[in-house]
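# Fold and contact review
If you want the building blocks of each chain, they are given just below.
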Number of protein chains: 2
Amino acid sequence: MWAVVAPRRPLLAAAMAAAAAGLALAVAARRWRRRRPVREVLFFPSPPSCTEALLAEAAGPGAPVQPCPCPLPRNDCSLSRLLRRLLSARRSLEICLFAFSCPQLGRAVRLLHRRGVRVRVVTDAQYMGLRGSQIGLLRHAGIQVRHDQGCGYMHHKFAIVDRRMLITGSLNWTTQAIQTNRENVLVVEDAEYVKPYLDEFERIWEEYNPTKYRFLSQGQ
Amino acid sequence: MWAVVAPRRPLLAAAMAAAAAGLALAVAARRWRRRRPVREVLFFPSPPSCTEALLAEAAGPGAPVQPCPCPLPRNDCSLSRLLRRLLSARRSLEICLFAFSCPQLGRAVRLLHRRGVRVRVVTDAQYMGLRGSQIGLLRHAGIQVRHDQGCGYMHHKFAIVDRRMLITGSLNWTTQAIQTNRENVLVVEDAEYVKPYLDEFERIWEEYNPTKYRFLSQGQ
């Protein structure tokens, strides 16, 4: 049975009440954060900017950080925001990209791979071999890459961070698209949007499994 | 002052209670619908399908509807879903598209224009002149079209229906993209996403105003 009793140590009671109130506030704040998923829209072109500090900081506490001597501004811009979203990955990163040649985004992906994030990349067979493509560097770094077999384009442009944040839009990850084109990117955490893209990634990943590739010499 | 009194006509009281309950339910259902904005994800390729019935039905009650003799299936598919979303427009349609050559989507847009929907189209200067482009037909029908001046691509692929529904993704509105490529389209009614795209459209619409075009003969 419970009964309301007068506290014998009023200071202790006040401290306990304050602690309980603090705990309740923390729980409420966490729930509020949970209810407010990330919803961001980025538009391009994004002006040329220096992202060295951002990438060096993300490389971890052991990495040498030297101020970059380049004259580019270090302003917040659509590219730096996109980089920050990507670099927030802690466990996994799925990338499904038609064209990937932006050096900064390539560095960010390799950096995540080195940090132990499980990175998987799907790309287009015809575009992955073009000059400046980052795909060779990703493979050289040990990142798993799969591609289509050339019937139509693998034209998606999306990434999924930690199976909870979707980054999608019209933007191919190329320097021209970032600095010159009118483009859009949505950053979304609503599960109703993220889940179908995850399923689509897994479908494509399985379909593009190299063991299933058909070669001209087979069956002819 | 209010007081609880025993009803003198129990049947009337019961009817009034039922009516009140019905009204409350209707209000609750309307609120629920308001809280549940459209959230749809479409993936392509979409198999070839016949969209004649859908377009004829949307042309209005006066239009002649004859069964299409073509052998294509009339199944629900990503293209028919995209068409339905577009054809739901009642007041306005903003389109911001890199490439537009799909005849069915072109017919839908012209049909909306004939129905009195205010249609505005922004497109890319280099792609609008390619063979099969729908842009000439749209202009011929009296639809306002504006384009960039060739510095970078106008690479967006989005549309906004009645200023409340955003349709965006990797999909250019071309038959190849629809029938052959791996593509995605998000249909979204959350104002947090729709508003920035509306603002972007208005910015581009103003920037591409023909009175602002610069020609080589000017100032040289």
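Anything mentioned here points back to the structure above.
Residues numbered from 1 in each chain as written. Chains lettered and ligands numbered in written order. Predicted model: local features only at pLDDT ≥ 70, side-chain atom pairs only at ≥ 80, totals over all residues. Heavy atoms only, no water.

### Side note on unusual backbone geometry
We count it as follows: Put simply, DSSP H or I for four residues or longer makes a helix, DSSP E for two residues or longer makes a strand, and each gets a number counted from the N terminus.
Of note, the bond from A:Phe44 into A:Pro45 is cis; its omega dihedral lies within 30 degrees of zero at 15°. Within the fold, A:Pro45 resides in the loop between strand S1 (39-44) and helix H2 (52-58). Residue B:Arg163 is not a glycine yet carries a positive backbone phi of 60°. As for its position among the elements, B:Arg163 is in the loop between strand S5 (157-161) and strand S6 (165-169).

### Notes on the interface of chain B and chain A
Formally: In what follows, residue pairs with any heavy atoms lying within 4.5 Å of each other are defined as contacts. Summed over both partners, the accessible area lost on bringing two parts together, with a 1.4 Å probe, is the buried area. Basic side-chain nitrogens of Lys or Arg form a salt bridge, by our definition, when they fall within 4 Å of a carboxyl oxygen of Asp or Glu. In protein, a polar contact means a hydrogen-donor-capable atom and an acceptor-capable atom, both N or O and within 3.5 Å, with residues adjacent in sequence counting only if both atoms are side-chain atoms; elsewhere, any N or O pair within 3.5 Å suffices. When residues are sorted by character, Ala, Val, Leu, Ile, Met, Phe, Trp, Tyr, Cys and Pro go into the nonpolar class, Asp, Glu, Lys and Arg into the charged class, and all the rest, Gly among them, into the polar class.
In this complex, chain B contributes 37 residues to the contact, which on the side of chain A involves 38 residues. When the buried area of chain B at its contact with chain A is split by residue, B:Arg39, B:Arg182 and B:Tyr193 rank highest and sum to 26% of it. Counting every contact that joins chain B to chain A gives 10 salt bridges. Between B:Glu192 and A:Arg36 there is a salt bridge, with its nearest N and O atoms 3.8 Å apart. If you look at where chain B meets chain A, you find 26 residue pairs in polar contact (both at pLDDT 80 or more). Those elements giving two or more residues to the side of chain B that touches chain A turn out to be strand S1 (39-44), S5, S6, strand S7 (183-188) and helix H7 (191-207) of chain B. Looking at the side of chain B that touches chain A, the element that brings in the most residues is H7(B), giving 8 residues. Here the residues of the side of chain B that touches chain A sort into 16 nonpolar, 11 polar and 10 charged.

### Topic: the side chain of B:Arg182
For the record, the criterion: Buried residues are those whose accessible area, probed at 1.4 Å on protein chains only, stays under 20% of the maximum for their type, while exposed residues exceed 50% and partly exposed ones sit between those limits.
Tracing the sequence through the fold places B:Arg182 in the loop between helix H6 (175-179) and S7. In this structure B:Arg182 comes out as buried when scored by relative accessible area, which is 13%. A distance of 2.7 Å separates a polar atom in the side chain of B:Arg182 from a polar atom in the side chain of A:Glu207. Beyond its immediate stretch of four places on either side in the chain, B:Arg182 contacts A:Tyr153, A:Met154, A:His155, A:His156, A:Glu200, A:Ile204, A:Glu207, A:Tyr208, B:Phe44 and B:Pro45.

### Looking at the pairing of S5(B)
The side chains of a regular strand alternate, residue by residue, between the two faces of the sheet. Residue and element names in this part refer to chain B. The line we're drawing: Only strands joined by at least two bridges in the DSSP assignment are considered to pair.
In terms of burial, S5 is largely enclosed, as 5 of its 5 residues are buried. Burial of S5 is two-sided: the residues Lys157, Ala159 and Val161 facing one way and the residues Phe158 and Ile160 facing the other way are all buried. Looking at chain direction, strand S2 (residues 92-97) and S5 are connected through 5 bridges and run antiparallel. By the bridge assignment for S5, Cys96 is matched with Phe158. Taking the residues between adjacent antiparallel strands as the criterion, S5 and S6 are bridged by 3 residues, where Asp162 takes a positive phi near 50°.

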